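# Overview (structure and organization)
One-letter residues, chain by chain:
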Amino acid sequence: MMTRYKNVLIVADIEGSSGCWDYAGSAFKTRQWVNACLAMCRDVDVVVKRLVAEGVQQVIVKDFHRTGYNLLPERIDPRCRIVSGYRRGPVPGVGNPSGAEAVMFLGLHAASGTDGFLPHTLTSRISNLLVDGQPLPEIALFASSLAPYGIRPVFFSGCPVACKQAEDVIGGIDTFSIEKSGNVEDFDARRWRQALAAAAANSLQNNRVTPYLPEGPFHATVSMRDGQAVASRLARRWGFEVRGADLLIQAENIDSLYRDLIRLCYLTPLVQRLLPLSLGLFNLQGRIGLAWLRRRLKEKTNGEQVTAR
Ligand SMILES: [Zn+2]
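None of these values were measured; they are calculated from a predicted model.

Here we take up the coordination of the zinc ion. Here the zinc ion is held by Asp13 (OD), Glu15 (OE), Glu15 (OE) and His65 (ND1), and the distances to it run 2.0 to 2.7 Å. The coordination sphere of the zinc ion comprises four donor atoms, whose angles at the metal cover 53 to 134°; the geometry is irregular. Donor residues binding the zinc ion come from one chain and are separated in sequence as D-x1-E-x49-H. Placement of Glu15 in the loop between β1 (7-12) and α1 (23-26) and of His65 in the loop between β2 (58-63) and β3 (80-83) is noted, with a sequence separation of 50 residues between them. For His65, a relative accessible area of 3% gives the class buried.

In structure tokens, the structure reads:
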């Protein structure tokens, strides 16, 4: 069957990938992270190969975990382009989506304040994030930031709770879950990965889903894990209303909600003023982490245990 989409963007995260089984796996420069990165590379590689085999002509993979430097391009099919680190805009983090028609989310996680595997929205410092009474998963923000380009969110993978949230937010999206409540030794990564790739390829026929652009205004309640003092400081810093450990954000549209949350989670006024420089330094930190990862993988031959399957 002819594929409907020729130009696909993949947004890849680590928590819902096949190699991240605890918080340490999602952290930076840990032994568990090394394994998680290897498995994330394999997940992405298998999906890319399958999409290309189905006739997709351009696949761009945006690494969207932590520093944005978790994928090793040398371990992934060269017919895709890996984009590491973060861009300022026009799409926050992504930059220019380069003519993509569809976006697939791989390895994502559930929203802050919900069940699921390592649930969080943008940062684990947010313990709960409700928008008009509903938990806000990251896919709502990411998919809506791509909607002005007509990009359809066709596919999502993550833990079962994350998949359910994606389906609740985006009508018609295809999902494929990874169950991590069992024993890691019993998990057949190879087999899961092949099924993931098949499901992703099926979503190339998904014409039910449309670009996701919900109508505002939005009322968000953001509960800060570190409590009242931190919430008050952030409220003063950005001019949000505060009630106890909760910040109250009113946003006209989802784009302005996303930008407010980015400020809250990642920026200070100084960092924002110097954003090209701050982003450059942040990306540099990511590249240093990736160099560390490559060294660790070389040491593997010297007796280090690296056990990604
Ligand atoms: Zn992540």
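Ile10, Val61 and Leu261 are the most contacted members of the largest nonpolar core, which totals 105 residues. Once residues within four sequence positions are removed from consideration, Val61 is found in contact with Ile10, Ala12, Val44, Val48, Leu71, Cys80, Arg81, Ile82 and Val83.

Moving on: the environment of Val242. Tracing the sequence through the fold places Val242 in strand β10 (residues 241-243). When its relative accessible area of 35% is taken as the criterion, Val242 is described as partly exposed. Sequence separation between Val242 and Val222 is 20 residues; the distance between their C-alpha atoms is 9.4 Å. Those residues in contact with Val242, other than ones at most four positions away along the chain, are Ala231, Ser232, Ala235 and Leu247.

If you trace the backbone, Ile10 turns up in strand β1. Between the C-alpha atom of Ile10 and that of Met104, which follows or precedes it by 94 residues, the distance is 4.8 Å. The contacts of Ile10, once residues within four sequence positions are left out, are Val47, Val48, Leu51, Val59, Ile60, Val61, Lys62, Met104 and Leu106.

A few words on the sheet that holds β10. With antiparallel pairing, the five strands of this open sheet are ordered in space as β6-β5-β9-β11-β10. Each end of this open sheet is capped by a strand with a single partner; those strands are β6 (134-135) and β10. Bridge count between β10 and strand β11 (residues 246-251): three bridges; the pairing is antiparallel. Counted as the bridge partner of Glu241 is Leu248 from β11.

Among the surface-exposed residues, Arg125, Arg233, Arg236 and Arg237 lie close enough to one another that they form a single positively charged patch. Position of Arg237 relative to the elements: it lies in helix α6 (residues 228-238).

Turning our attention to the pairing of β11. Two elements, strand β9 (residues 218-224) and β11, share six bridges in a ladder whose sense is antiparallel. Bridging from a neighbouring strand, Ser223 pairs with Asp246 of β11.

A word on unusual backbone geometry. The peptide bond linking Gly89 to Pro90 adopts the cis configuration, its omega dihedral lying at 5°. Considering the arrangement of structural elements, one finds Pro90 in the loop between β3 and β4 (102-108). Here the amide bond leading from Gly216 into Pro217 is cis, since omega sits at 0°, within 30 degrees of zero. Relative to the helices and strands, Pro217 is located in the loop between α5 (189-202) and β9.

This brings us to the packing of helix α2 (residues 31-53) against α5. Contact geometry of α2 with α5 gives a least axis separation of 9 Å together with a crossing angle of 40°. Between α2 and α5, the crossing angle belongs to the class labelled oblique. The two elements α2 and α5 cross, and the hand of that crossing is right-handed. Contact with α2, carried on its side by Ala39, Arg42, Asp43, Val46, Val47, Arg50 and Leu51, involves Trp192, Arg193, Gln194, Leu196, Ala197, Ala198, Ala200 and Ala201 of α5 and no other residues of that element.

Now for the packing of aromatic side chains. When we look at a pair of aromatic rings, we describe it by the centre distance and by the angle of the planes. All chains considered together, the criterion is met by nine aromatic pairs. Among the aromatic residues, those joined into a cluster by ring pairs are Phe64, Tyr86, Phe142, Tyr258 and Phe282. Against the face of Tyr86 rests Lys62, its NZ or CZ located 4.9 Å from the ring centre.

What counts and what doesn't
Residues numbered from 1 in each chain as written. Predicted model: local features only at pLDDT ≥ 70, side-chain atom pairs only at ≥ 80, totals over all residues. Heavy atoms only, no water. Donors = N, O, S within 2.8 Å, 3.2 Å for Na, K, Ca; no water. Tetrahedral: all angles 85-135°; square planar, octahedral: opposite > 155°, others 65-115°. Helix = DSSP H or I, 4+ residues; strand = E, 2+ residues; numbered from the N terminus. Buried < 20%, exposed > 50% of the residue type's maximum accessible area, 1.4 Å probe, protein only. Core = buried A, V, L, I, M, F, W, Y, C linked by side-chain atoms within 4.5 Å. Contact = heavy atoms within 4.5 Å. Pairing = 2+ DSSP bridges. Patch = residues over 30% accessible without salt bridge, like charges linked within 9 Å, V, L, I, M, F, W, Y side chains within 5 Å. Areas by Shrake-Rupley, 256 points an atom, 1.4 Å probe, with all protein chains shown as cover. Salt bridge = Lys/Arg side-chain N within 4 Å of Asp/Glu carboxyl O. Lys, Arg positive; Asp, Glu negative; His and termini not counted. Charge placed at Lys NZ, Arg CZ, Asp CG, Glu CD. Axes fitted to C-alpha atoms, helices over the stretch in contact; angles between N-to-C directions. Parallel < 35°, antiparallel > 145°, perpendicular 65-115°, else oblique. Left-handed = near helix turned anticlockwise from the far one by under 90°. Phe/Tyr/Trp six-rings, centres within 6.5 Å; stacked < 30°, edge-to-face > 60°. Lys NZ or Arg CZ within 6 Å of the ring centre and 35° of its normal.

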